[in-house]
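# A structural walkthrough
Chain residues, written in single-letter form:
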Amino acid sequence: YNMTVYMSLFLISSSILLAYTVLEVVIPLILKNGQPLGKKIFGICLMRPDFVKVNAIQIFSRAILGKCTIETMIPVLIILLMYFGAIGRIGPTILGILVMVQAFLLIFSKTKAGIHDRVAYTVAVDYSSQMIFDTKEEMIAYTEAYEAEMASREEP
């Protein structure tokens, strides 16, 4: 009986990790713009809050640490352990806390970012309406040039 539980947990965990790795890490790195397929279809992209393009470490931490581990694996494992009767009251308590934290972040935070975006320091935005810079220096140079142009327009 215990071996069945452990094998089930291992197979489910491995499958979920593989799916997240391919769909949320490998594909965005291949496309070189940080967009998983779903975000590409709907014209949404990821960037840092300072308008700079996300890097591979942020893509990995968002997908594997945030979405896969915290938001998927922990709840799935708690539910499986509850199903097999291997966890007491602490499991539903942890599950409830995770759900409430995620709901609080999505409803009450200014950026409406979930746990996975907080872990990776990313925001999801409309791709067509945003200027996304490759580096912070590029963004600063653009901002300075824009401000200089606006100042020159104001002076008669």
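To be clear, the structure that these remarks concern was listed above.
The following paragraphs examine the structure supplied in this document. (Residues numbered from 1 in each chain as written. Predicted model: local features only at pLDDT ≥ 70, side-chain atom pairs only at ≥ 80, totals over all residues. Heavy atoms only, no water.)

## So, the nonpolar core
We count it as follows: Here, nonpolar core refers to any group of buried Ala, Val, Leu, Ile, Met, Phe, Trp, Tyr and Cys residues whose side-chain atoms link them within 4.5 Å. Relative accessibility thresholds used throughout: buried, under 20% of the residue-type maximum; exposed, over 50%; partly exposed, between the two (1.4 Å probe, protein chains only). Under the scheme used here, helices are H or I runs from DSSP no shorter than 4 residues and strands are E runs no shorter than 2 residues, and both carry numbers assigned from the N terminus. Whether two residues touch is decided by their heavy atoms; if any such pair falls within 4.5 Å, the residues are in contact.
Of all hydrophobic cores here, the largest spans seven residues; its members are Ile16, Tyr20, Val25, Ala63, Ile64, Cys68 and Met73. At the level of elements, helix H1 (2-31) and helix H3 (56-83) are the ones that each hand at least two residues to this core. Sequence-distant contacts of Ile16, defined by excluding residues within four places in its chain, comprise Cys68, Thr72, Met73 and Val76.

## As for H1
Applied cut-off: Expected span, for any helix, means 1.5 Å times one less than how many residues it has. Two axes define the bend at a residue: one fitted to the seven residues ending there, one fitted to the seven starting there, and the bend is the angle between them.
Between its terminal C-alpha atoms H1 stretches 43 Å, which fits the 44 Å expected from 30 residues at 1.5 Å a residue. Within H1, the axis deviates most sharply at Val22, by approximately 30°. Looking at H1, one finds that the buried residues are Val5, Leu9, Ser13, Ile16, Tyr20, Glu24, Val25, Ile27 and Pro28.

## Topic: a nonpolar patch on the surface
Test applied: A residue counts toward a patch only above 30% relative accessible area and without a salt bridge, and it is joined to like-charged neighbours within 9 Å or, for Val, Leu, Ile, Met, Phe, Trp and Tyr, to nonpolar neighbours within 5 Å. Using the Shrake-Rupley algorithm and a 1.4 Å probe, accessible areas are obtained, with residue cover drawn only from the displayed protein chains. When a carboxyl oxygen of Asp or Glu lies within 4 Å of a side-chain nitrogen of Lys or Arg, that pair is called a salt bridge.
Together, Leu18, Val22, Leu23, Leu31, Leu37, Ile41, Phe42 and Ile44 line one region of the surface with nonpolar side chains, adding up to about 770 Å² of accessible area. Counting only elements with at least two residues in the nonpolar patch, the list comes to H1 and helix H2 (37-42). A per-element tally of the nonpolar patch places H1 first, with four residues.

## As for the pattern of salt bridges
A side chain of one charge can pair with a side chain of the opposite charge when the charged atoms of the two come close. Evaluated as defined, the whole model comprises six salt bridges. Between Asp134 and Lys53 there is a salt bridge, with its nearest N and O atoms 3.8 Å apart. Of this pair, Asp134 sits in the loop between strand E2 (123-126) and helix H6 (136-154) while Lys53 sits in the loop between strand E1 (44-47) and H3, placing them 81 residues apart in sequence. What makes Lys53 partly exposed here is its relative accessible area of 34%. For Arg153, the salt bridge is made with Glu149, and the minimal N-O distance between the two is 2.6 Å. Taken together, the positions of Arg153 and Glu149, both in helix H6 and four residues apart, correspond to about one turn of that helix. By relative accessible area, Arg153 is classed as exposed at 60%. Judged by relative accessible area, which is 37%, Glu149 ranks as partly exposed. Taken together, the shared-partner salt bridges in this structure form one network comprising Arg48, Asp50 and Lys136.

## Thoughts on the packing of H3 against helix H4 (residues 90-108)
Rules: In this description, a line fitted to the C-alpha atoms serves as the axis of each element, helices being fitted only across the stretch in contact, and the angle between N-to-C directions of two axes falls anywhere from 0 to 180 degrees. An angle below 35 degrees is read as roughly parallel, one above 145 as roughly antiparallel, one from 65 to 115 as roughly perpendicular, and any other as oblique. In this scheme the crossing of two helices becomes right-handed for a clockwise turn of the near helix relative to the far one and left-handed for an anticlockwise turn of less than a right angle. Under the scheme applied here, ten amino acids are nonpolar (Ala, Val, Leu, Ile, Met, Phe, Trp, Tyr, Cys and Pro), four are charged (Asp, Glu, Lys and Arg), and all others, including Gly, are polar.
Axis separation between H3 and H4 bottoms out at 9 Å; the angle between their running directions is 150°. The angle between the axes of H3 and H4 places the two elements in the roughly antiparallel class. The handedness of the crossing between H3 and H4 comes out as left-handed. Residue-level inspection shows Ile70, Glu71, Ile74, Pro75, Ile78, Ile79 and Met82 of H3 in contact with H4, the latter providing Gly91, Pro92, Ile94, Leu95, Leu98 and Gln102. For the contact of H3 with H4, the per-class residue count stands at ten nonpolar, two polar and one charged.

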